[in-house]
Amino acid sequence: MGRILAIDYGKKRTGLAVTDPLRIVPGGLTTVATNSLVDFLIDYIPREGVDLVVIGLPRQMNNEESESMRYIKPFVARFRKLFPQIDILYHDERFTSSLAQRAIIDSGLGKQKRQNKALVDEVSAVIILQSYMDSLDFQEKPLPPMPF
């Protein structure tokens, strides 16, 4: 079992998060310029043993895909050609930027560091990854019996 890599794909910057090799703990990896993302992944994925990629699926409140999908779909198609052995799937990313900004504020970082957009992108990727992992935990656990 390899690492899970989460991608918060953006037009300019892309936030990345990854699990430990046992897939227990998610953590922020980095933020890269989107135009350098493929080169970064070509180096990182084989070196670190990634075998699943989760990419944020931007949706609007009415559940329709957002405008960002016109950038994400070509990236996913290219990824699948470069890494046919690695599964890539979408996971809902609604509210991740807001949640990331709130988490950064709650962490007590100074105002200047809180305005770092790259940090927001990386924390957003962590939130996408944690949300995906939580959804797996929920799916795998049986519901407890109802007390009657």
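Predicted, not measured: the structure shown is a model, and the values here were computed from it.

Enquirer: Please clarify how the overall build of the chain should be interpreted in this entry.
Expert: Looking only at helices and strands, the chain has 5 helices and 5 strands in total. Going from the N terminus to the C terminus, the chain shows its helices and strands as β-β-β-α-β-α-β-α-α-α. A fraction of 59% describes how many contacts in the chain between residues 6 or more apart in sequence connect residues 24 or more apart. Within the structure as shown, the chain displays about 9100 Å² of accessible surface, and the carbon and sulfur contribution to it stands at 54%.

Enquirer: Quick question: what am I supposed to make of the side chain of Asp8 here?
Expert: If you trace the backbone, Asp8 turns up in strand S1 (residues 3-8). Buried and unpaired, Asp8 has no salt bridge, with Arg13 as the nearest side chain of opposite charge at 8.2 Å. Non-local contacts of Asp8, meaning those with residues more than four positions away in its chain, are made with Arg13, Thr14, Gly15, Glu93, Asp121, Ser124, Ala125 and Ile128.

Enquirer: It is not clear to me how the pattern of salt bridges should be interpreted in this structure. Could you clarify?
Expert: Where side chains of opposite charge bring their charged atoms close, a pairing between them can arise. In total, this model carries 6 salt bridges according to the counting rule given. Close ionic contact of Glu48 with Arg3 constitutes a salt bridge, the shortest N to O distance being 3.3 Å. Residue Glu48 is located in helix H1 (residues 37-48), and its partner Arg3 is located in strand S1; the two are separated by 45 residues in the primary sequence. For Arg3, a relative accessible area of 16% translates into the label buried. In the salt-bridge network here, residues are joined through shared partners; they are Arg3, Asp43, Arg47 and Glu48.

Enquirer: Which parts of the structure should I look at to understand the pairing of strand S3 (residues 26-33)?
Expert: Remark: a regular strand shows side chains that alternate across the two faces of the sheet. For strand S2 (residues 13-19) and S3, the ladder comprises 7 bridges, and the chain directions are antiparallel. When the bridges of S3 are listed, Val18 appears paired with Gly27. Hairpin connection from S2 to S3: 6 residues lie between these consecutive antiparallel strands, with Arg23 at a positive phi of about 60 degrees.

Enquirer: Is there a simple way to explain unusual backbone geometry in this structure?
Expert: Backbone phi values are negative for most residues with the exception of glycine, while trans is the configuration of most peptide bonds. We note that Arg23 has phi near 60 degrees; this positive angle belongs to a residue other than glycine. With respect to the helices and strands, the residue Arg23 is situated in the loop between S2 and S3. Arg23 gets classed as partly exposed once you look at its relative accessible area, which sits at 24%.

Enquirer: How should I be thinking about a nonpolar patch on the surface in this particular structure?
Expert: Residues Leu22, Ile24 and Val25 make up a contiguous nonpolar surface patch of about 320 Å² in total accessible area. Looking at the element boundaries, Leu22 is found in the loop between S2 and S3.

Enquirer: Sorry, what's going on with the sheet that holds strand S5 (residues 87-92) here?
Expert: What holds strands together in a sheet is hydrogen bonding between their backbones, with the strands either parallel or antiparallel. The mixed open sheet is built from 5 strands, whose spatial order is S3-S2-S1-S4-S5. Of all strands in the sheet, those bounded by a partner on one side alone are S3 and S5. For this sheet, the mean inter-axis angle between neighbouring strands, taken without regard to orientation, is 25 degrees. Note that S1 and S2 share 4 bridges and pair antiparallel. In the strand pairing of S2, Ala6 is matched with Ala17. Contacts from helix H2 (residues 69-82) reach S1, strand S4 (50-57) and S5, with the element oriented near 160 degrees to S5.

Quick notes on the rules
Residues numbered from 1 in each chain as written. Predicted model: local features only at pLDDT ≥ 70, side-chain atom pairs only at ≥ 80, totals over all residues. Heavy atoms only, no water. Helix = DSSP H or I, 4+ residues; strand = E, 2+ residues; numbered from the N terminus. Contact = heavy atoms within 4.5 Å. Areas by Shrake-Rupley, 256 points an atom, 1.4 Å probe, with all protein chains shown as cover. Buried < 20%, exposed > 50% of the residue type's maximum accessible area, 1.4 Å probe, protein only. Lys, Arg positive; Asp, Glu negative; His and termini not counted. Salt bridge = Lys/Arg side-chain N within 4 Å of Asp/Glu carboxyl O. Pairing = 2+ DSSP bridges. Patch = residues over 30% accessible without salt bridge, like charges linked within 9 Å, V, L, I, M, F, W, Y side chains within 5 Å. Axes fitted to C-alpha atoms, helices over the stretch in contact; angles between N-to-C directions.

That is the geometry; function is a separate question.
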